[in-house]
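Here is what each chain is made of, one letter per residue.
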Amino acid sequence: MKARQLPSQADFAMTGKKMQKGRRRSNLCDSPIICKSVRFLVSITRTERDPKMPILEKATGKKKDSLSQDESVLPKLPVPPLQQTLQMYLQCMKHLVSEEQYAKTKGIVEKFGAAGGPGEIAQQKLLERQGKTENWVLEYWLEDMYLNNRLALPVNSSPAIIFAHQRFQDANDQLRFAANLISGVLDYKALLDTHAVPVDFARGQLSGHPLCMKQYYGLFSSYRLPGHTKDTLVAQKNNIMPEPEHIIVACNNQFFVLDVVINFRRLSEGDLFTQLRKIVKMSENEEERLPPIGLLTSDGRTEWAEARAILVEDSTNRDSLDMIERSLCLVCLDSPSGEEPSDTNRALQLLHGGGYHKNSANRWYDKPMQLVVGRDGVCGTVCEHSPFEGIVLVQCVEHLLKHMKEGAKKLVRADSVSELPAPRRLRWKCSPEIQAHLASAAEKLQRMVKNLDFVVYKFESYGKEFIKKQKMSPDAYIQLALQLAFYRLYGRLVPTYESASIRRFEEGRVDNIRSATPEALVFAQGMIDKTLSLKDSEKMRRFKDAITAQTNYTILAITGMAIDNHLLGLRETAREHFKELPDIFTDETYLTSNRFILSTSQVPTNMEMFCCYGPVIPNGYGACYNPQAEHILFCISSFKDCKETSSSKFAKAVGQSLADMSELCIKCDAAKTSTPTRQGATSAPPQGRKS
């Protein structure tokens with residue numbers, strides 16, 4: 001395909017002239033008992049126990065499906081004991097920094113945690129904050145994780161979910177699919193409005209607890225507003241303005257208002273199909289075509305805030321922005337990408353749109369939900385991440401796909417409702433300054449598209465069923481495989497982020513499972529360093545120790561006892577109440593601890609789809625995985641301009657690590673039984689493919 005030159009400022013000016021023509025089990029423990037089970041981290045005496053630590057009780061004997069959201073009363077997120085967090089912090093970082101650096105850090109931490117020192121003062125302030133707020137860390141976490149971040153949303157922040165490839169025979173098939181999808185959105189929104197979405201219950205470790213459902217209400221009623229130094233997460237409130245009754249349809253880089261309720265009647269799928277056909281026809285009118293304003297939302301957050309400030313000086317632009325920001329969601333009718341519809345290429349289309357000359361401008365990245373329906377069958381959703389976590393998104397999308405599967409049994413035809421008003425094109429007035437912002441945003445987006453190194457890798461030798469037969473947690477097992485893969489390539493471990501849900505608590509979002517444990521390092525060394533000449537039994541002992549360490553840290557995280565949120569809260573409290581930030585938060589070890597070279601997340605699905613995202617630092621990897629019964633799907637991302645990283649090499653190392661781990665399990669099992677058995681796995685080279 002011939003490379004296309006990037007648009008110049010003059011090109012946008014020409015377009016502007018055209019524009020002017022048209023106007024979790026129940027008996028969770030309190031902190032001493034939890035920590036006693038986590039021997040690798042720290043031993044907490046009963047005298048150090050936080051008396052406010054909740055003992056989470058199991059939900060009542062009601063059936064899960066009958067428990068309403070209003071009946072699900074959740075405890076507040078606990079504030080972990082100070083000394084527990086400081087000791088765990090040292091243990092988590094000791095093997096990841098030099099001895100000299102660790103010795104320096106140990107002294108700083110001891111000073112911070114000394115009796116009457118800044119740590120105790122900050123801890124007391126946090127406890128006071130806990131009493132006054134529903135969730136003491138939420139605001140700090142939201143700002144630190146998302147709103148203060150100045151990087152562009154695509155790739156850097158916004159995850160995508162990729163649907164199964166659709167085989168549309170013609171443009172009408174594409175629009176029928178989109179109409180069915182919109183109908184599903186309206187059904188789901190109605191469930192949310194009546195609080196009829198069943199309460200989620202924790203799965204995996206400590207399963208059975210009802211979970212906080214508040215994230216669901218950000219799916220279709222929130223918006224990320226760009227700011228010069230900090231963004232704002234805007235939530236639509238029923239008592240402030242009327243409920244939105246429209247969606248925005250993006251087509252050929254133009255934006256249209258599609259009213260989904262007209263004269264107090266919700267549009268049928270046939271009506272929606274009719275309106276979508278009108279939109280496609282309107283978007284093809286060259287005389288009416290307007291500048292690709294959506295590109296501005298792909299820029300850095302400060303740059304977009306500057307451009308938006310210019311836009312809102314004009315009332316036409318203010319009205320258009322208001323319609324987008326108050327809409328339920330976006331539906332993006334994409335043009336064919338021209339690429340083979342492999343898993344990797346379809347994921348790239350969702351992550352960034354393929355560039356300015358493809359579908360990148362057919363987006364509005366500030367909206368939490370953008371549903372993409374491509375003419376070439378590339379479909380999915382790309383999401384602004386700040387209002388909700390991936391698992392909430394998955395639950396919503398699975399509902400939509402089930403709705404569509406049922407709807408596919410009937411043929412959607414255009415309804416005979418000629419009185420339906422035509423959808424409205426959003427108008428824009430662009431000054432030379434806006435044209436310059438557009439050209440700059442297009443150029444930066446193109447660089448990002450070229451820089452992303454991304455691969456979808458399907459490990460096919462075995463899946464979570466084999467892992468369960470080993471009496472191991474599939475998530476802990478896969479996390480250990482990622483650590484082993486990194487050690488295989490680089491001979492060291494690095495700070496690792498694995499998101500852990502804390503929705504057991506009121507307004508809970510996530511904390512971090514620090515998977516690069518000391519036990520993981522010992523295990524990786526035993527597997528890779530041939531000079532150690534370890535017996536399989538010793539390797540297996542290390543393996544099990546590492547699995548136990550990972551599992552125990554996971555329990556700490558999901559019960560509110562991990563270190564990352566606590567350290568963040570202590571830092572922000574110190575920032576608010578001290579003249580100077582304590583040394584612990586400017587120490588190189590702390591800074592290193594927050595540079596997550598491995599950013600990982602398990603996003604399991606029950607239907608044919610998968611989730612992906614980009615790395616969080618320039619020299620890092622993103623690793624999203626979806627364990628299925630007989631295979632494991634990985635989405636590995638990195639940046640090409642970092643010479644140290646390679647997504648394909650890392651994927652290969654993950655496959656080899658999984659193969660080595662299953663081989664070790666089979667050998668040790670055979671040694672016990674004296675009868676070799678495959679148990680559904682293989683000791684041959686890993687069977688996997690990039691797709």
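Fair warning: this is a prediction, and the values are worked out from it, not measured in the lab.

1. Describing the overall build of the protein chain
- In terms of regular secondary structure, the protein chain is built from 20 helices and 19 strands.
- Classification of the 691 residues of the protein chain by burial places 59% in the buried group.
- Surface exposure of the protein chain reaches about 28900 Å², of which carbon and sulfur atoms provide 51%.

2. A word on the pairing of strand 5 (residues 254–259)
- Of all six residues in strand 5, five are buried, a share of seventy percent or more.
- By the bridge criterion, six bridges tie strand 4 (residues 246–251) to strand 5 in an arrangement that is antiparallel. Within the sheet, the bridge partner assigned to Ile247 lies in strand 5 and is Leu258.
- Counted between consecutive antiparallel strands, the loop separating strand 4 from strand 5 contains two residues, among which Asn252 sits at a positive phi close to 55°.
- Alignment of strand 5 against strand 11 (residues 424–425), held across two bridges, turns out to be antiparallel. Within strand 11, the position partnered with Phe256 by the bridge is Arg425.

3. Examining the packing of aromatic side chains
- Using the criterion set out here, one finds 17 aromatic pairs in the structure.
- Both rings, one in Phe459 and one in Tyr462, keep their centres 5.1 Å apart while their planes meet at 85°; by these two values the pair is edge-to-face.
- With relative accessibility at 0%, the residue Phe459 sits in the buried group.
- Taken together, the ring pairs in this structure connect Phe459, Tyr462, Phe466, Tyr477, Phe523 and Phe543 into an aromatic cluster.
- Just above the ring of Tyr140 sits the side chain of Arg129; from NZ or CZ to the centre is 3.9 Å.

4. Some remarks on the nonpolar core
- Phe220, Leu276, Trp364, Met369 and Trp428 are the most contacted members of the largest nonpolar core, which has 104 residues in total.
- The leading source of residues in this core is helix 7 (residues 171–193), at ten residues.
- Apart from residues no more than four positions distant in its own chain, Met369 is found in contact with Leu219, Phe220, Cys329, Leu330, Thr381, Val382, Cys383, Phe388, Leu393 and Cys396.
- Counting residues in each nonpolar core, the second largest holds 95 residues, with Ala122, Ala562, Phe585 and Leu598 among its members.

5. A closer look at the packing of helix 15 (residues 474–490) against helix 17 (residues 536–558)
- Following both chains from N to C, one finds helix 15 and helix 17 inclined at 115°, their axes separated by 9 Å at the closest point. Between helix 15 and helix 17, the angle falls in the class roughly perpendicular. Crossing of helix 15 against helix 17: the hand is right-handed. Between helix 15 and helix 17, the residues in contact are Ala476, Tyr477, Gln479 and Leu480 and Phe543, Ala546, Ile547, Gln550 and Thr551, respectively.
- Here the residues of the contact of helix 15 with helix 17 are counted per class, giving six nonpolar, three polar and no charged.

6. Some remarks on the sheet that holds strand 16 (residues 609–612)
- Spatially, eight strands are ordered 11-5-4-8-9-10-1-16 in an open sheet, and the strand pairing comes out mixed. Edge positions in the sheet fall to strand 11 and strand 16, since each of these pairs with one other strand and no more.
- The strands touched by helix 8 (residues 269–283) within the sheet are strand 4, strand 5, strand 8 (330–334) and strand 11, with strand 5 carrying the most contacts at an inclination of about 155°.

7. Topic: the side chain of Thr559
- Structurally, Thr559 can be placed in the loop between helix 17 and helix 18 (564–577).
- Look at Thr559 and you get buried, because its relative accessible area is 5%.
- A polar contact of 2.6 Å, which involves the side chain of Thr559, links it to the backbone oxygen of Ile555.

8. Re the sheet that holds strand 15 (residues 598–602)
- As summarised here, the arrangement of the seven strands in space is 14-13-15-17-18-12-19, forming an open sheet in which the pairing is mixed. Lying at the two open borders of the sheet, with one neighbouring strand each, are strand 14 (510–513) and strand 19 (688–690). Each neighbouring strand pair of the sheet contributes to a mean axis angle of 25°, computed without reference to strand direction.
- Pairing analysis gives three bridges linking strand 13 (residues 496–501) to strand 15, with the strands arranged parallel. From the neighbouring strand, Thr496 faces strand 15, where its bridge partner is Leu598.
- Contacting strand 13, strand 15, strand 17 (621–627) and strand 18 (632–639), helix 15 crosses the sheet at an angle of about 145° to strand 17.
- Of the strands in this sheet, strand 12 (452–459), strand 15, strand 17, strand 18 and strand 19 touch helix 20 (residues 647–673), which is tilted by about 25° from strand 12.

9. Description of the environment of Glu507
- Relative to the assigned elements, Glu507 resides in the loop between strand 13 and strand 14.
- Separated by 371 residues in the primary sequence, Glu507 and Trp136 place their C-alpha atoms 9.6 Å from one another.
- Discounting chain neighbours no more than four positions away, the residues touching Glu507 are Glu134, Asn135, Leu138, Cys212 and Lys214.
- In this structure the side chain of Glu507 is engaged in a polar contact, spanning 3.4 Å, whose partner is the side chain of Lys214.

10. What about the pattern of salt bridges?
- The final tally for this structure, using the stated rule, is 40 salt bridges.
- One salt bridge in this structure joins Lys189 and Asp193, with 2.8 Å as the shortest N-O distance. With Lys189 and Asp193 both in helix 7, this residue pair falls four residues apart, about one helical turn.
- A cluster of three or more residues bridged by salt bridges with shared partners is formed by Arg150, Arg224, Asp231, Arg301, Asp366 and Glu384.

Conventions we followed
Residues numbered from 1 in each chain as written. Predicted model: local features only at pLDDT ≥ 70, side-chain atom pairs only at ≥ 80, totals over all residues. Heavy atoms only, no water. Helix = DSSP H or I, 4+ residues; strand = E, 2+ residues; numbered from the N terminus. Buried < 20%, exposed > 50% of the residue type's maximum accessible area, 1.4 Å probe, protein only. Areas by Shrake-Rupley, 256 points an atom, 1.4 Å probe, with all protein chains shown as cover. Pairing = 2+ DSSP bridges. Phe/Tyr/Trp six-rings, centres within 6.5 Å; stacked < 30°, edge-to-face > 60°. Lys NZ or Arg CZ within 6 Å of the ring centre and 35° of its normal. Core = buried A, V, L, I, M, F, W, Y, C linked by side-chain atoms within 4.5 Å. Contact = heavy atoms within 4.5 Å. Axes fitted to C-alpha atoms, helices over the stretch in contact; angles between N-to-C directions. Parallel < 35°, antiparallel > 145°, perpendicular 65-115°, else oblique. Left-handed = near helix turned anticlockwise from the far one by under 90°. Nonpolar A, V, L, I, M, F, W, Y, C, P; charged D, E, K, R; others polar. Polar contact = N/O pair within 3.5 Å; in protein donor to acceptor, adjacent residues only side chain to side chain. Salt bridge = Lys/Arg side-chain N within 4 Å of Asp/Glu carboxyl O.

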